[in-house]
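# Observations on the model geometry
Residues per chain are reported as follows:
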Amino acid sequence: MSQLATDALVEAQPATTTADAADDVRKARRESLKPLVLDALVPTASYYLLSKGFGMGTMAALAWSSVMPAARTVWGLVKERRVNGLAALILTANVVGLLMSLIAGDPRLMLAKDSAITATVGVAVLLSVAAGRPLMTAALKPWVTKGNAAKTAVWERLSAERGRFARLERMFSVVWGLALFGEALLRVVGAYTLPVDTMVWLGGAIAAGTITLTMFVSGALVVGPMEKLVEAGAADMTGR
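The rules behind the values
- Numbering of residues begins from 1 in every chain and follows the order in which that chain's sequence is written.
- Selection of residues for local features in this predicted model requires a pLDDT of at least 70, selection of side-chain atom pairs for listing and counting requires 80 or more, and totals for whole chains, interfaces and linings are taken over all residues.
- In computing side-chain properties, one takes all heavy atoms of the structure into account and sets aside hydrogens as well as water.
- How sure the predictor is of each residue is captured by pLDDT, a score from 0 to 100.
- Helix and strand definitions follow DSSP, with helices as H or I runs of at least four residues and strands as E runs of at least two, each counted in order from the N terminus.
- Working rule for contacts: check all heavy atoms of both residues, and any pair within 4.5 Å makes them a contact.
- A helix is expected to span 1.5 Å for every residue after the first.
- Summary of the burial criterion: residues with accessible area below 20% of their type's maximum are buried, those above 50% are exposed, and those between are partly exposed, where the area comes from a 1.4 Å probe applied to protein chains only.
- It is the directions from the helix axis to the C-beta atoms that the arc portrays.
- Side-chain atoms within 4.5 Å are what join buried Ala, Val, Leu, Ile, Met, Phe, Trp, Tyr and Cys residues into a set we call a nonpolar core.
- Helix axes use the C-alpha atoms of the stretch in contact, all axes being lines fitted to C-alpha atoms, and the angles between their N-to-C directions lie in the range 0 to 180 degrees.
- In these notes the angle categories are as follows: under 35 degrees is roughly parallel, over 145 is roughly antiparallel, 65 to 115 is roughly perpendicular, and the rest is oblique.
- Less than a right angle of anticlockwise turn of the near helix away from the far helix marks a crossing as left-handed, whereas a clockwise turn marks it as right-handed.
- Side-chain classes follow a simple rule in which Ala, Val, Leu, Ile, Met, Phe, Trp, Tyr, Cys and Pro form the nonpolar group, Asp, Glu, Lys and Arg form the charged group, and the remainder, Gly included, forms the polar group.

With that out of the way, let us pick up the confidence of the model for the chain. In the predicted model, the chain carries a mean pLDDT of 76, and the fraction of residues at 70 or more is 67%. The weakest mean pLDDT in the chain belongs to helix α1 (residues 2-53) at 56; the strongest belongs to helix α8 (residues 164-193) at 92. Contacts of residues 1-16 to residues separated by more than four positions or lying in other chains number zero contacts, the stretch itself having pLDDT below 50.

Here's what the structure looks like:
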């Protein structure tokens, strides 16, 4: 009986180890996605929830949704002695939105207001590439590494080598920066050339179409090749 109990314990051990490993992967994935969620998704969702869901005024909704990115930006400067790029970007976009909200009276100008926010984000992303700190990396890295420690280590090594991997990393931000700026420009042109009633619904359709198309393009040009490079590097590490 004792022998049977011992054998059962031995057989159960790999399952426990596998479960623990799976939990570690999920935890690492959550941690890797946390900056994206806190710095971008939560402020953006808060704005739409407050303005569209609760009927709060644009200025008030922008102000309240700026609290978290502002706090995260200040925390990064004080505690970590660095600028939290993604949080600072969302904060800047919200400030531009607040300034544009002061403009009233011209319906076409009000339609173009959201384009100013999008254009600000697009230009900031492009400037971050020129400065050597691509802002979209915060959104790209979790999807490529999937929270895996080995893949994360490979990412850091390949990114530091400044080879093809680093070029792909920069390309991802370039694609999104150009797409966002181009979408803003297209909506501004539409705001001043098409009927106001048309642009009320067409503006949202242009934004949704641009995001969808950019996801496919960036996935094919950047994400897919980067995943292959990371997986190959992780396989080499495992082999060693």
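What follows is about helix α7 (residues 149-161). Taking 1.5 Å per residue as the helical rise, α7 with its 13 residues ought to reach 18 Å, and the 19 Å between its terminal C-alpha atoms agrees with that figure. Along α7, the positions that sit buried rather than exposed are Lys-151, Val-154, Trp-155, Leu-158 and Ser-159. The buried residues of α7 occupy an angular sector of 130° when the element is viewed end-on, so they sit on one face. Looking at α7, the residues exposed on the side facing more than 90 degrees away from the buried face are Ala-149 and Ala-160.

Now for the nonpolar core. Counting 20 residues, the largest nonpolar core has Leu-140, Val-144, Phe-172 and Met-226 as its most contacted members. Elements that contribute at least two residues to this core include exactly α5 (107-130), α6 (137-145), α7, α8 and α9 (196-239). Beyond its immediate chain neighbours, meaning those up to four positions away, Met-226 contacts Leu-140, Val-144, Trp-155, Phe-165, Leu-168 and Glu-169.

This part covers the packing of α6 against α7. Two numbers describe how α6 lies on α7: the axes approach to 9 Å, and their chain directions differ by 135°. When the axes of α6 and α7 are compared, the pair comes out oblique. Here α6 and α7 pass one another in a crossing that is right-handed. Here Thr-137, Leu-140, Lys-141, Val-144 and Thr-145 of α6 come into contact with α7, specifically with Lys-151, Thr-152, Trp-155 and Glu-156. Of the residues that constitute the contact of α6 with α7, the class distribution is three nonpolar, three polar and three charged.

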